[in-house]
Amino acid sequence: MILGFFSFLVIAGALLSAFSSNIKRSILSLWVCNLGMGGLFLGLGMEFLAVTQWIVGTLVAVTFIFFSVMFGEFEQQQTPTLGESRIPQSIIEKSLPFGLGAVFCGIFALALSRVNGAAEKIDEVLRGGAVYGVDLTTFGKVFVREHFLSLQILALMLLLVIVGGGVIARPEAPKSNKEGI
Amino acid sequence: MILILPGLIGGIGLACIIFRKTLLGVLIGAQLLFLGAVAAVIFAGFISGRQVSGQVSGVLIFLSGIVQLVLGFALAIRMFYLRRRISMSELRTLRQ
């Protein structure tokens with residue numbers, strides 16, 4: 001049931017994010033979508049991925065807010081879209097705080113349920129039984145042993161992006177006055 | 001059944017990329033697309049019993065999405081420097 005709840009949040013957040021004509025609501029809905037996806041990961045026993053998803057999702061939303069303020073889109077009530085938004089704005093405004101509250105309540109409830117059953121699960125893992133989640137040690141070992149090439153390619157790609165991003169986003173040099181002094 | 005969810009998210013992201021006229025809106029759609037891809041790989045690993053491989057692949061795709069986002073922001077800054085706008089129709093004028 002709780003997975004269904006988070007699935008609903010993810011879909012609702014994605015829909016609002018994609019089709020809202022206001023960039024503020026789009027960014028907040030994207031954040032809710034990321035939080036809901038992290039809740040889904042937590043419900044399936046992937047704590048590391050859940051926390052990573054929450055952290056990165058929040059950082060992405062904050063970055064989007066910074067850039068939309070810089071480009072002047074944040075103050076606009078309506079951002080350009082190919083078609084008009086058919087979702088009444090009052091519904092979006094009223095439902096977004098509830099959506100955020102529901103996400104946090106769901107995450108809290110899920111965390112509580114997992115803490116309550118944590119002792120039994122740990123015992124089962126120590127006996128060599130079913131693995132409910134993947135611990136960080138196993139994750140790191142598999143990452144390095146089986147996906148080392150992918151890791152190196154990703155690292156190289158990140159380096160190229162840092163350099164290329166700096167080149168692309170360079171400020172324009174001021175044009176010199178050719179008419180002389 | 002659980003794989004329908006990533007498909008839906010990816011489809012919504014694709015629709016957002018087509019629907020939006022500004023670069024920031026397209027980047028939001030691209031983020032949704034990457035989120036769907038990450039979820040698909042992770043859920044497929046969960047269903048097939050290969051959780052670790054699925055999670056590792058999901059993290060790799062996740063980080064690739066971050067890379068794409070950084071490049072998108074760099075391009076948006078460049079467009080803003082040149083045209084003072086980040087409309088998608090202005091992209092084709094960058095070659096001038």
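## Here's the deal with helix 3 (residues 51-83) of chain B
Residues separated by three or four positions in an α-helix point in the same direction, a consequence of the helix having 3.6 residues per turn. Here helix 3 of chain B spans 47 Å end to end across 33 residues, near enough to the 48 Å set by a 1.5 Å rise per residue. Positioned one or two residues after helix 3 of chain B, B:Arg84 has a phi angle of 60°, which is positive.

## Quick notes on the interface of chain B and chain A
Accessible area lost upon the coming together of the parts is a frequently used measure of interface size. Opposite the 49 residues of chain B that make contact, chain A presents 58 residues. Contact between chain B and chain A buries roughly 5,000 Å² in total, counting both sides, with carbon and sulfur atoms accounting for 81%. If you look at where chain B meets chain A, you find 0 salt bridges. Inspection of the chain B/chain A interface yields 4 residue pairs in polar contact (both at pLDDT 80 or more). Taken together, the elements giving at least two residues each to the side of chain B that touches chain A come down to helix 1 (4-19), helix 2 (23-48) and helix 3 of chain B.

## Here's the deal with the packing of aromatic side chains
How two aromatic rings sit relative to each other is given by the distance of their centres and the angle of their planes. In the structure shown here, the tally under the stated rule is 9 aromatic pairs over all chains. For the pair A:Phe71 and B:Phe80, a centre-to-centre distance of 5.0 Å together with 50° between the ring planes defines the contact as tilted. You can see A:Phe71 sitting in the loop between helix 3 (47-70) and helix 4 (89-116) and its partner B:Phe80 sitting in helix 3, one on each of two chains. The class for B:Phe80 is buried, based on a relative accessible area of 17%. The rings of A:Phe64, A:Phe67, A:Phe71, B:Phe73 and B:Phe80 are connected pair by pair, giving a single aromatic cluster.

## Considering the confidence of the model for chain B
Counting all residues, the mean pLDDT for chain B is 85, and 91% of those residues have values of 70 or more. Ranking the elements of chain B by mean pLDDT puts helix 3 of chain B last, at 87, and helix 2 of chain B first, at 90.

## Some words on the nonpolar core
Core analysis: the largest hydrophobic core is formed by 60 residues, its most contacted members being A:Met37, A:Phe41, A:Phe64, B:Leu24 and B:Phe43. Mapped onto this core, the elements with two or more residues apiece are helix 1 (2-19), helix 2 (23-43), helix 3 and helix 6 (136-146) of chain A together with helix 1, helix 2 and helix 3 of chain B. Among the elements that take part in this core, helix 3 of chain B stands out by supplying 12 residues, more than any other. Counting residues domain by domain, this core receives three or more from each of domain 1 (2-131) and domain 2 (135-169) of chain A. Residues within four places of A:Phe64 in sequence aside, it is in contact with A:Ile27, A:Leu30, B:Leu24, B:Leu27, B:Ile28, B:Gln31, B:Leu69 and B:Phe73.

Reading guide: rules and limits
Residues numbered from 1 in each chain as written. Chains lettered and ligands numbered in written order. Predicted model: local features only at pLDDT ≥ 70, side-chain atom pairs only at ≥ 80, totals over all residues. Heavy atoms only, no water. Helix = DSSP H or I, 4+ residues; strand = E, 2+ residues; numbered from the N terminus. Expected span 1.5 Å × (residues − 1). Contact = heavy atoms within 4.5 Å. Buried area = accessible area lost by both parts, 1.4 Å probe. Salt bridge = Lys/Arg side-chain N within 4 Å of Asp/Glu carboxyl O. Polar contact = N/O pair within 3.5 Å; in protein donor to acceptor, adjacent residues only side chain to side chain. Phe/Tyr/Trp six-rings, centres within 6.5 Å; stacked < 30°, edge-to-face > 60°. Buried < 20%, exposed > 50% of the residue type's maximum accessible area, 1.4 Å probe, protein only. pLDDT = per-residue confidence, 0-100. Core = buried A, V, L, I, M, F, W, Y, C linked by side-chain atoms within 4.5 Å. Domains from an automatic or database assignment.

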